[in-house]
Amino acid sequence: HSVFSVGLRLPAVLGPFGRPGSLLHDLAERTVRHAAGRNVDGVPPYHRDRDRYVLDGMWRRRRGAEKGEMEQIVYVGDVANAVLAAMQYGPPGGASDAASGPPLLRIGSKFTASMRDLAESMERILPAHDQSDLPSSSDSGSSSSAATSSLHVHGISPRDAARNRDLLGWAHYTQLGEGTKSTLAWHVLNAYPYGLPGGVPSRDAFQGLLDESSETLSFMNLPCASGCRWSGMCTDSPWDDVARVTREMTRSCKFVIYTVDLRPSLDRLAKQSSPSKRAGWDDWFCKIAFVSSSSKLARSLYPTAPLLEEANGSRKDGSWSIVVADGSDSSMPEEVRVLPKMTPTLLFDDRVEKAIFVNHRRVILTTDQAVGVMMHLEMKARKTRETKSVKDDEKNVIEVKLQPRAQRHSVFFTNRYSFPEGYDTSRARNLGQFVMTGVGAPETKDVKVQVQFYEQAAHLTRINMQRSPNYQEFFQDNLFPFDFVRTTWLVHELRSEAGRNLRCEMYEEQALWGNPAMEDLSIGYVLARKKVRSELGRKAEPQYEGPEEWHPLLVPGEPDDDAAAGRASSPEGPLYLDYLEDAQKVATDSKGAEFHVTFLPQKSKSEKK
């Protein structure tokens with residue numbers, strides 16, 4: 001067909017987007033996890049609790065690695081440039097030269113190292129947090145006998161280097177140390193995309209590495225006020241100025257009830273939050289309304305710019321303290337507009353434990369109601385078996401045995417709707433229609449694209465391409481279980497790192513698509529994706545203490561775990577049940593309390609009928 005082609009032969013490739021299970025990828029993962037530490041509060045549980053990377057087993061994955069044999073190592077960015085150059089290649093003689101077959105080029109580097117040398121180099125850049133994580137004497141470095149028997153491979157030959165320059169105009173340029181730092185920075189960003197809290201000892205080392213390698217990293221910018229990005233990887237927004245006001249306002253508050261209405265036409269808040277008749281309860285709460293600087297309400301309360309700058313947050317509309325943000329729902333990009341609702345982490349003082357968002361146009365939440373909600377967000381530990389009298393569906397009193405359990409924290413609480421039997425909740429189209437009907441949003445071209453993407457994700461799950469290997473064992477179906485949530489109110493646990501990461505994942509999904517008022521679609525998808533990845537479990541054991549549903553945040557398992565791989569190679573086929581019991585751990589804090597996502601069950605109108 002007279003198509004020019006060229007063959008490229010590659011050595012070991014170092015860099016981002018490595019294949020999980022490959023030695024280079026897992027050496028970087030091991031370094032990052034050991035630098036973070038295994039028993040450090042604030043480090044996600046999967047990194048804290050498990051060490052899948054044992055050097056004795058890792059060396060056997062690559063021929064010669066255990067003996068310390070030298071290899072050429074080239075950075076992935078240089079390889080990408082070589083591929084681009086090869087795509088533009090054409091034989092000097094045209095079709096007559098092409099008839100003799102494609103040229104074969106050796107793409108390489110003058111830099112050589114053993115895998116052991118590379119592991120030690122990574123550990124010098126990011127030292128292990130715990131001394132117990134450091135390699136043992138049998139694991140560290142090459143022994144003298146290994147060094148003697150090493151195969152001293154040279155870098156790319158002058159002939160190959162000249163041929164690459166002549167035919168492709170290509171030569172490698174990334175130093176090995178620079179490539180190693182860029183690789184580790186990518187693994188840090190991949191492991192902790194939303195940053196780490198200040199109390200994590202390795203945070204500064206990670207931040208310095210990210211700063212040094214920022215030009216080689218690709219990431220989506222989010223506002224700094226979201227608390228969902230590392231320093232230097234976020235952008236300014238109007239909420240930066242707002243946060244300085246509200247953090248001061250909430251210094252003495254244990255809980256915050258807040259609403260957000262950024263319409264320019266807003267002249268008053270539709271529903272108020274009535275105070276409690278019980279002494280002291282209102283002292284626990286701050287009640288804040290975020291409004292647009294162009295709204296009628298803001299202009300009536302703060303008629304001049306100097307007054308607004310000096311007194312923002314000090315004036316009220318009923319029970320709400322009015323805080324003004326620059327911009328409006330029509331002028332703000334979606335990631336800015338939806339920020340206070342979805343991720344209010346940095347908007348309130350660190351002493352605030354929980355923040356309750358309400359849509360003031362649709363929900364009334366009094367102080368007494370808010371206290372009632374708080375009571376359902378914590379379940380005390382049960383140390384022994386208990387017997388309790390409850391009513392079944394037919395109102396008969398029965399005795400139930402309640403098993404011991406750990407204390408439970410809810411990190412995310414909102415409405416979830418159920419539907420009559422036969423309604424397909426695994427269809428993204430149904431979820432999209434549910435959300436659009438609830439908020440009165442039109443089905444724009446961009447919304448259609450988002451729904452179509454979610455449909456494809458569900459399809460890939462059904463045909464087994466996206467599931468965790470534990471998913472079918474755990475859920476007994478091939479569905480993509482969307483959650484039909486309606487976030488007219490939301491409760492955020494602000495002092496939980498598990499809660500912050502969940503909020504950031506949902507917020508990032510909504511910011512990625514940018515479809516106004518469609519955050520419930522993004523939330524429903526993220527929760528379903530976490531179930532498919534075995535990061536969110538099915539409803540936990542009923543407790544008969546309220547109507548809410550508790551779904552455990554799980555410690556995810558991975559198919560390339562050594563234990564799973566061993567069972568998968570069994571003559572009887574994959575045996576995931578034992579692995580499931582080992583890997584599906586509920587995420588816990590340092591005191592053993594469990595984290596859950598909770599829902600208040602609601603029935604759709606059709607089901608009520």
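The rules behind the values
The residue numbering used here restarts from 1 in each chain and proceeds along that chain's sequence as written. Two thresholds apply to this predicted model, a pLDDT of at least 70 for residue-level local features and 80 or more for giving and counting side-chain atom pairs, whereas whole-chain, interface and lining totals are computed over all residues. By convention in this description, side-chain values take in all heavy atoms of the structure and omit both hydrogens and water. Each residue's exposure class comes from its accessible area (1.4 Å probe, protein chains only) as a fraction of the maximum for that residue type: buried when under 20%, exposed when over 50%, partly exposed otherwise. Each helix is a run of H or I in the DSSP string that is no shorter than four residues. Each strand is a run of E no shorter than two, and both are numbered from the N terminus. Here, a strand pair is defined by DSSP locating no fewer than two bridges between the strands. What makes two residues a contact is simply this: any of their non-hydrogen atoms within 4.5 Å. Here the arc refers to the set of directions running from the helix axis out to each C-beta atom. Residue-level confidence of the predictor is summarised by pLDDT, bounded by 0 at the bottom and 100 at the top. Each axis is a line fitted through C-alpha atoms, taken for helices only over the stretch in contact, and angles between the N-to-C directions span 0 to 180 degrees.

This part covers the pairing of strand β16 (residues 408-418). Regular strands have side chains that alternate between both faces of the sheet. Buried residues dominate β16, accounting for nine of its eleven residues. Where strand β13 (residues 378-379) lies against β16, two bridges are found, and the strand directions are antiparallel. Note that in β16 the partner of Glu 378 across the bridge is His 409. Here β16 pairs with strand β21 (residues 594-603) via ten bridges, running parallel. Of the residues in β21, the one forming a bridge with Tyr 417 is Gln 602. Pairing of β16 with strand β17 (residues 485-493) involves four bridges; the strand directions are antiparallel. Each residue of the ladder has a partner; that of Phe 412, found in β17, is His 492.

Moving on, we get to the side chain of Thr 250. Relative to the elements of secondary structure, Thr 250 occurs in the loop between α11 (238-249) and β8 (255-261). With a relative accessible area of 0%, Thr 250 lands in the buried category. With near-sequence residues (within four places) excluded, Thr 250 lies in contact with Val 256, Cys 286, Ile 288, Phe 348, Asp 349 and Val 352.

Once that is clear, we can look at helix α10 (residues 203-212). Taken together, the buried positions of α10 are Phe 206, Gln 207, Leu 209 and Leu 210. Down the axis of α10, the buried set is contained in an arc of 165°. They therefore lie on one face. Exposed and oriented more than 90 degrees from the buried face of α10 are Asp 204 and Glu 212. Next to the buried residues of α10 lie α1 (23-36), α6 (115-125) and α9 (176-191).

With that settled, the discussion passes to the confidence of the model for the protein chain. Residues of the protein chain with pLDDT of at least 70 account for 83%, and the chain-wide mean is 84. Between the elements of the protein chain, mean pLDDT differs from a low of 35, seen in helix α7 (residues 144-148), to a high of 98, seen in helix α15 (residues 339-342). This model gives residues 559-583 a pLDDT under 50, and the stretch forms 38 contacts once residues within four places in sequence are excluded.

What follows deals with the sheet that holds strand β3 (residues 70-75). Judged by pairing direction, the sheet is mixed, and its three strands sit side by side in the order β2-β3-β5 without closing on themselves. Here the strands that pair on one side only, and so sit at the sheet edges, are β2 (12-14) and β5 (112-114). Each strand of the sheet is rotated relative to its neighbour by a mean of 55°, with strand direction disregarded. Here three bridges tie β3 to β5, and the two strands are oriented antiparallel to one another. Paired with Gln 72 across the strands is Thr 112, a residue of β5. Against the sheet, helix α4 (residues 76-87) contacts β2 and β3, and its axis sits at roughly 70° relative to β3.

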